[in-house]
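Listed below, chain by chain, are the residues.
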Amino acid sequence: MNWKMFLIVTLVLSAFTVTSAIAIEGGNARKGKHLFKKNCKVCHDAGGEGGELTPMSKTMSQWDRYFKKKAKKHPGDVMTKTKKKDLKDINQFLFNSAADSPSPATCG
Ligand code: HEC
């Protein structure tokens, strides 16, 4: 192929790569698990002030709804102080292991 064709193919391919990178949304559940233990378990362990909370405490849609809407009303400043990206990872971890998920977990 000539260089013009090459240029077009390259442009099309890179455009595709960019859009597919955007299409991958959601957080990193592995990081989220760590972040949940670090940021949430302090209050959400058995006997903690927030009551015990594990991924199985809610369903997938309940977790998503919680992080989308109700997290703003969470007591204290953990939801405003924690980075958005970290909250997304935590949301992903809780979602992936929710009560009605394929692999429910009580946080290891
Ligand atoms: C400083 C202590 C504290 C920390 C840290 C904390 N929470 Fe909470 N959380 C609470 C308290 C207190 C409540 C209110 C409990 C109640 O209403 O019975 C609560 C309530 C909640 C609820 C609602 C519980 C329900 O039954 O619907 C969710 C979900 C929740 N927290 C998630 C989180 C997540 C996720 C994190 C980490 C990003 C976190 N919390 C960090 C104290 C904390």
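Notes on the structure in this doc start here. (Residues numbered from 1 in each chain as written. Predicted model: local features only at pLDDT ≥ 70, side-chain atom pairs only at ≥ 80, totals over all residues. Heavy atoms only, no water.)

For the rest of this paragraph, the subject is the packing of aromatic side chains. Enumeration according to the criterion identifies three aromatic pairs in this entry. On the numbers, 6.4 Å between centres and 45° between planes, the contact of W63 with F67 is tilted. Placement of both W63 and F67 in helix α4 (residues 60-68) is noted, with a separation of four residues, approximately one turn of the helix. For the pair formed by W63 and F67, the shared burial category is buried. (Phe/Tyr/Trp six-rings, centres within 6.5 Å; stacked < 30°, edge-to-face > 60°. Helix = DSSP H or I, 4+ residues; strand = E, 2+ residues; numbered from the N terminus. Buried < 20%, exposed > 50% of the residue type's maximum accessible area, 1.4 Å probe, protein only.)

This paragraph deals with the site of the ligand. Close to the ligand lie 17 residues; C40, C43, H44, K58 and H74 are nearest. Between an oxygen atom of the ligand and a side-chain N or O atom of K58, the distance comes to 2.7 Å. Mapped by element, the contributors of at least two residues to the shell around the ligand are α3 (41-44), α4 and α5 (78-81). The residue inventory of the shell around the ligand, partitioned by class, reads eleven nonpolar, four polar and two charged. (Near = heavy atom within 4 Å. Polar contact = N/O pair within 3.5 Å; in protein donor to acceptor, adjacent residues only side chain to side chain. Nonpolar A, V, L, I, M, F, W, Y, C, P; charged D, E, K, R; others polar.)

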